[in-house]
Amino acid sequence: MKGKQTVWDMVRSLAVIGVVVAGIYMFIPHDEKADPTRVVDYRVETATARRAAPYPVAAPAGLPAQWRATSVTFDRKDDNAWHLGFLDPQKQYVAVEQSTDASTKRLAKLTQQAKATGETRQIGDRSWELWDGEKYDALVRQEQGYVTVVTGTASFDGLGAMVSALEFKQGS
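Just so you know, these numbers come straight off a predicted model, no measurement behind them.

(A) Summary view of the packing of aromatic side chains. Under the criterion given, the structure shown has four aromatic pairs. Measuring from centroid to centroid gives 6.4 Å for Trp67 and Phe86, while their planes differ by 70°, and the two rings are edge-to-face. Of this pair, Trp67 sits in the loop between strand 1 (57–60) and strand 2 (68–75) while Phe86 sits in strand 3 (residues 81–87), placing them 19 residues apart in sequence. Assigned by exposure class, Trp67 and Phe86 land together as buried. Above the ring of Phe168, the side-chain terminus of Arg126 is found at 4.0 Å from the ring centroid.

(B) The layout of surface pockets, seen in detail. What the largest pocket holds in volume is close to 230 Å³. Contributing to the lining of the largest pocket are 15 residues, with His83, Glu97, Arg106, Lys109 and Leu110 lying nearest its centre. Broken down by secondary-structure element, the contributors of at least two residues to the lining of the largest pocket are strand 2, strand 3, strand 4 (93–99) and helix 3 (104–110). Here the lining of the largest pocket is built from residues that sort into six nonpolar, four polar and five charged.

(C) Looking closely at the environment of Ala161. Relative to the elements of secondary structure, Ala161 occurs in helix 4 (residues 156–165). Accessibility expressed as a relative area gives 35% for Ala161, which makes it partly exposed. Expressed as a C-alpha distance, the spacing of Ala161 and Asp88, which sit 73 residues apart in the sequence, is 9.5 Å.

Conventions used here
- Residues numbered from 1 in each chain as written.
- Predicted model: local features only at pLDDT ≥ 70, side-chain atom pairs only at ≥ 80, totals over all residues.
- Heavy atoms only, no water.
- Phe/Tyr/Trp six-rings, centres within 6.5 Å; stacked < 30°, edge-to-face > 60°.
- Helix = DSSP H or I, 4+ residues; strand = E, 2+ residues; numbered from the N terminus.
- Buried < 20%, exposed > 50% of the residue type's maximum accessible area, 1.4 Å probe, protein only.
- Lys NZ or Arg CZ within 6 Å of the ring centre and 35° of its normal.
- 1 Å grid on protein atoms, 1.4 Å probe; cavity = no way out; pocket = protein on both sides within 12 Å on 5 of 7 lines; lining within 4 Å.
- Points joined across faces, edges and corners; volume = space filled by probe spheres on them.
- Nonpolar A, V, L, I, M, F, W, Y, C, P; charged D, E, K, R; others polar.

Given below as structure tokens:
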């Protein structure tokens, strides 16, 4: 008899807790149409990276407002790694990656295992290698002492739009 009362008490307690949780859920505003993307301001990190990096740091200038920055980092200890991530107007991911480590291992990591196609594309006054991958495509430019990679789920045209907006600056 005592065991049945304990089970019944537990069931009643769970029911009461369920009613309280449902009540709380009902009064918390929910906007299913809201965009969950967290936009970041990358101006301060860009200025810091440009002072600290031993290469001209690439950051876009004049991108339309539909391009939203979602992540930014500069890590001196990790081969002066610069990262700037965006969502483009088609909600595709585009990242600008730079580093003093231009090794095959590093490039494979940055491009999600994309491979060089042997083709190049002239964008502005620079020539970029086209890399094709299962997850990410990439535009890669190797300079003396550093590499710049524009990569992501966007098409080559989307990646090219980012490359066209990049300004390479160092110092100050």
